[in-house]
Amino acid sequence: IRQDFAGDSRASLRIGRVFEKGSAMAAQRAPRLPSRVRRLARDEGGNVATIFVAAMVPVIALGGAALDYARASKARLQLKQAVDAAALAAAQHMSGAYIDRQQAALGALQANLAGSPIESVNVTVSDVDTADGKGVAIDADGVLPTSLMKVAGVNTMALGAHAEALAGGGAA
């Protein structure tokens, strides 16, 4: 081809430009995907929304943990007060049979936990002998279903309380 157009310098120049443009266009098409990725990486237009969404996940988890911890603290206090009342009720029946102490403790515990979110409450009533006299010990544990922590895989929180009371109304 160059021999045909050897005398005309403009023709060879034109052919050279066509080849240059063609090779440049082919080069532009091949790396198009990486250039789009680079452009996307440099683009800062949507970063605020992306960062906000990514930051909301731990914020919601922490908020859920705080809410469920507050609920657990309230439920733990409610369980502790119910166990204290159960120990005092059982101690009033120290002169009777063990079953009387147990029924008094369970009755007081159920009355104080009515409407409580605590589930699966297990109660142990036992007689104790101390240096100050005979008494009763109450151990109770239960579970509190979580609300927002279920998202993080924590479905329940364990609660427990212990109280002792001596015959005659004194608390140990």
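What you see is a predicted model; the values in this text were computed from it and never measured.

I tried to follow the nonpolar core on my own but got confused; where do I start?
Buried together is how nonpolar side chains tend to be arranged in soluble globular proteins. Among the nonpolar cores identified, the biggest contains 26 residues, and Leu79, Val83, Val136, Ile138 and Leu159 are the most heavily contacted of them. Mapped onto this core, the elements with two or more residues apiece are α3 (47-91), α4 (98-112), β2 (133-145) and β3 (156-166). For this core, the element with the most residues is α3, which contributes 10 residues. Those residues in contact with isoleucine 138 that lie beyond four places of it in its chain are Val83, Ala86, Ala87, Ala105, Val123, Thr124, Val125, Ala161, His162 and Ala163.

Quick question: what am I supposed to make of the pairing of β2 here?
Successive residues of a regular strand alternate their side chains across the two faces of the sheet. Where strand β1 (residues 119-130) and β2 come together, 10 bridges link them in antiparallel fashion. Looking across to β2, one finds that valine 123 is bridged to alanine 140. Here β1 hands over to β2 after two residues, the two strands then running antiparallel side by side.

Explain the sheet that holds β1 here, please?
Sheets are built from strands paired through backbone hydrogen bonds, the pairs being either parallel or antiparallel. Sheet architecture is open: three strands sit in the order β1-β2-β3, paired in antiparallel fashion. Each having just a single partner strand, β1 and β3 make up the two edges of the open sheet. If you compare each strand with its neighbour and ignore which way they point, the axes differ by 15 degrees on average. Relative to β3, β2 runs antiparallel, the two sharing 11 bridges. Counted as the bridge partner of alanine 140 is alanine 161 from β3. Sheet strands touched by α3: β2 and β3. Its angle to β3, the strand with the most contacts, is close to 25 degrees. Across the face of the sheet, α4 comes into contact with β1 and β2 while running at roughly 140 degrees to β1.

Got a minute to help me understand the pattern of salt bridges in this structure?
Side-chain pairs of opposite charge can arise where the charged atoms are in close proximity. A complete count under the given rule lists three salt bridges for this structure. For aspartate 84, the salt bridge is made with lysine 80, and the minimal N-O distance between the two is 3.4 Å. Of this pair, aspartate 84 and lysine 80 both sit in helix α3, separated by four residues, roughly a single helical turn. Given the relative accessible area of 33%, lysine 80 is considered partly exposed.

Could you clarify how one ought to interpret α3 in this entry?
Each turn of an α-helix holds 3.6 residues, which means side chains three or four residues apart point in the same direction. An ideal rise of 1.5 Å per residue puts 66 Å on 45 residues; α3 measures up with 66 Å between its terminal C-alpha atoms. For α3, the complete set of buried residues consists of Gly64, Asp68, Ala72, Ala75, Leu79, Ala82, Val83, Ala86, Ala87, Ala89, Ala90 and Ala91. Of the surrounding secondary structure, the elements contacted by the buried residues of α3 are α4, β2 and β3.

Mind showing me how you'd approach α4 here?
Over its 15 residues, α4 extends 21 Å from the first C-alpha to the last, a length consistent with the 21 Å expected when each residue adds 1.5 Å. Among the residues of α4, Arg101, Ala104, Ala105, Ala108 and Leu109 are the ones counted as buried. Down the axis of α4, the buried set is contained in an arc of 125 degrees. They therefore lie on one face. Facing away from the buried side of α4 by over 90 degrees, the exposed positions are Gln103, Gln110 and Ala111.

So what exactly am I meant to see when it comes to a positive patch on the surface here?
Together, Arg36, Arg38, Arg39 and Arg42 make up a positively charged patch on the protein surface. For arginine 42, the position within the fold is in helix α2 (residues 32-42). By relative accessible area, which is 59% here, arginine 42 ends up exposed.

Definitions and cut-offs
- Residues numbered from 1 in each chain as written.
- Predicted model: local features only at pLDDT ≥ 70, side-chain atom pairs only at ≥ 80, totals over all residues.
- Heavy atoms only, no water.
- Core = buried A, V, L, I, M, F, W, Y, C linked by side-chain atoms within 4.5 Å.
- Buried < 20%, exposed > 50% of the residue type's maximum accessible area, 1.4 Å probe, protein only.
- Helix = DSSP H or I, 4+ residues; strand = E, 2+ residues; numbered from the N terminus.
- Contact = heavy atoms within 4.5 Å.
- Pairing = 2+ DSSP bridges.
- Axes fitted to C-alpha atoms, helices over the stretch in contact; angles between N-to-C directions.
- Salt bridge = Lys/Arg side-chain N within 4 Å of Asp/Glu carboxyl O.
- Expected span 1.5 Å × (residues − 1).
- Arc of directions from axis to C-beta.
- Patch = residues over 30% accessible without salt bridge, like charges linked within 9 Å, V, L, I, M, F, W, Y side chains within 5 Å.
- Areas by Shrake-Rupley, 256 points an atom, 1.4 Å probe, with all protein chains shown as cover.
- Lys, Arg positive; Asp, Glu negative; His and termini not counted.
- Charge placed at Lys NZ, Arg CZ, Asp CG, Glu CD.

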